[in-house]
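Tertiary structure, described
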Amino acid sequence: MKDIYILGIETSCDETSCSIIKNGSEEISTTVLSQVDIHTLYGGVVPEIASRNHVKDIVFVINKCLTDAKMSMDMIDGIAVTYGPGLVGSLLVGIEAAKTLAYIFDKPLIPVHHIRSHIYANNLEKELKFPLICLVISGGHTELLLIKDHFNITKIGSTLDDAVGECYDKVARVMGISYPGGPVIDKMAHDGKPIYDLPIPLNDDSYNFSFSGLKSAVINLYHNYEQAGKTIDKNCLASSFQDVVISSLTTKTMRALKEYNVNNLVLAGGVSANKGIREKFEQLCKEGNIDFSFPKIEYCTDNAAMVGAAGYFLYKEGKFTDLKLNADSSAELV
Ligand code: KG4
Ligand code: ZN
């Protein structure tokens, strides 16, 4: 069978990225330019600044990716691009670049949903095995998905309020940690002990999650200590917070695997880089004989390698679009 090379483009938030993926699983070359140092100055991603930087960087990123791969556009079979969800101005930069390439080089244009891409970051590590349960944990999403095959995806639960990554970032901000705070809280949690009592969120029979109450509880506790002139141990607060997050995520996910009689679990999204979350799932999956996988650390957060991987399976099904493709900032996967 002929090898298929997909060029992926990702600009949904603050990473400008291009990648070439062979047959949905083999990375030929990836370039990621992160704007995180710029947005840190503002305490979060500033949409207008993000899109301006995508405009500045996109041509360089695509050229570098092709040069590193030692490939030219005539060797590419299809162009996959994130169409949503994300920041509309940022998405449009990637979409326009992809459309231009598709038009000039006469290649199929493949629109890819951002969460689909996060799921397929796993396919770059090992082939996805169906049926599987996917826990999507990112800055904008917290969802439990039952995936029976590439195009049979059911949402069985999601957050009722904040996404887990958003909650990490807000808790971090109160503790004076700059954006994105998730990775720092993760490190601090490992140096502390879970000595502070925090409420277990949405401890019910559903597969939904809730993190805004937990976030408020951490923030209130922190301010109460400050107002009383007492010092709170920040590492222990991080550890207490992370313990509750882990317990909420693992309890519902492990129950879903059992209830749906599924033996494969994958993590997806930026928060799946979290060491505490990975370690707990590793332990529980070992005990429960569940095949567990998570993306390579650098491909947990936004990148185009995952877009190229997801794009391959859409390419095989002929799921192409025309040059009218537009950004959809709140696109639903299911
Ligand atoms: O998937 P992603 O790059 O962007 C979205 O599509 O939302 O995820 C970014 C989120 C941020 O909230 C960041 O703080 C969080 O992932 N994150 C982490 C860790 N690494 C990144 N959260 C907790 N622990 C980590 N190690
Ligand atoms: Zn993402």
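Preceding this paragraph is the structure being described.
Notes on the structure in this doc start here.

Thresholds applied
Sequence positions are assigned chain by chain, starting from 1 and proceeding in written order. Key to labels: chains lettered from A, ligands numbered from 1, both in the order written. pLDDT decides what is reported in this predicted model: residues at 70 or higher carry local features, side-chain atom pairs at 80 or more are listed and counted, and totals for whole chains, interfaces and linings draw on all residues regardless. The side-chain numbers reported here are obtained from all heavy atoms of the structure, hydrogens and water having been left aside. Strands are runs of DSSP state E lasting at least two residues, helices are runs of H or I lasting at least four, and both sets are numbered from the N terminus onward. Strand pairing is assigned whenever DSSP identifies at least 2 bridges connecting the two strands. For helices, the axis comes from a line fit to the C-alpha atoms of the stretch in contact; other axes are also lines fit to C-alpha atoms, and the angle between any two N-to-C directions lies between 0 and 180 degrees. By definition in these notes, contact holds between two residues if any of their heavy atoms fall within 4.5 Å. Any residue with a heavy atom lying within 4 Å of a molecule or strand is counted as near it. Side-chain atoms alone can form a polar contact between residues adjacent in sequence; in general such a contact is a pair of N or O atoms within 3.5 Å, and within protein one must be able to donate a hydrogen while the other accepts it. Here, Shrake-Rupley sampling with a 1.4 Å probe gives the accessible areas, and only protein chains in the shown set may cover a residue.

The topology assignment puts Gly311 in helix 10 (residues 305-316). Here the alpha-carbon distance between Gly311 and Leu7, two residues 304 residues apart in the chain, equals 8.5 Å.

Take the sheet that holds strand 6 (residues 132-137) next. Pairing within the open sheet is mixed, and its five strands lie in the order 8-7-6-9-10. At either end of the open sheet lies a strand with only one pairing partner, and these are strand 8 (152-158) and strand 10 (291-293). Going across the sheet, the axis of each strand differs from the next one's by a mean of 20°, ignoring polarity. When strand 6 meets strand 7 (residues 142-149), the two strands line up antiparallel, connected through six bridges. Residue Leu135 lies in a different strand from strand 7, and its bridge partner there is Leu144. Relative to the sheet, helix 9 (residues 275-287) contacts strand 6, strand 9 (264-268) and strand 10, its axis offset from that of strand 9 by approximately 175°.

Moving on, we get to unusual backbone geometry. For residues that are not glycine, phi is negative in most cases, and the peptide bond is trans in most cases. Residue Phe130 is joined to Pro131 through a cis peptide bond whose omega torsion reads -5°. In this structure, Pro131 sits in the loop between helix 4 (114-120) and strand 6. In this structure, the amide linkage connecting Tyr179 to the following residue, Pro180, adopts the cis form with an omega of -10°. By the secondary structure assignment, Pro180 is in the loop between helix 5 (164-174) and helix 6 (182-190). With a phi close to 55°, Asp106 is a non-glycine residue in the positive phi region. Residue placement: Asp106 occurs in the loop between helix 3 (88-105) and strand 5 (109-113). In the Ramachandran plot, Asn289 falls in the positive-phi region, its phi being about 60° despite a non-glycine side chain.

Bringing the sheet that holds strand 3 (residues 26-34) into the picture now. Strand order in this open sheet of five strands is 3-2-1-4-5, and the pairing throughout is mixed. Lying at the two open borders of the sheet, with one neighbouring strand each, are strand 3 and strand 5. Between one strand axis and the next, the sheet turns by 20° as a mean value, whatever way the strands run. When strand 1 (residues 5-10) meets strand 4 (residues 78-84), the two strands line up parallel, connected through four bridges. When the sheet's bridge partners are listed, Leu7 is paired in strand 4 with Ile79. Packed onto the sheet, helix 2 (residues 47-69) meets strand 1, strand 2 (15-22) and strand 3 and runs at close to 25° relative to strand 2. Against the sheet, helix 3 engages strand 1, strand 4 and strand 5, with an angle of about 155° to strand 4.

Below, the discussion takes up the site of ligand 1. Within the structure, ligand 1 sits among 19 residues, and Gly139, Asp169, Asp186, Gly270 and Asn274 are positioned closest to it. Taking His118, its side chain carries an N or O atom lying 3.1 Å from an oxygen atom of ligand 1. Between a nitrogen atom of ligand 1 and a side-chain N or O atom of Asp186, the distance comes to 3.1 Å. With the chains in place, 88% of the 560 Å² that ligand 1 exposes on its own is no longer accessible.

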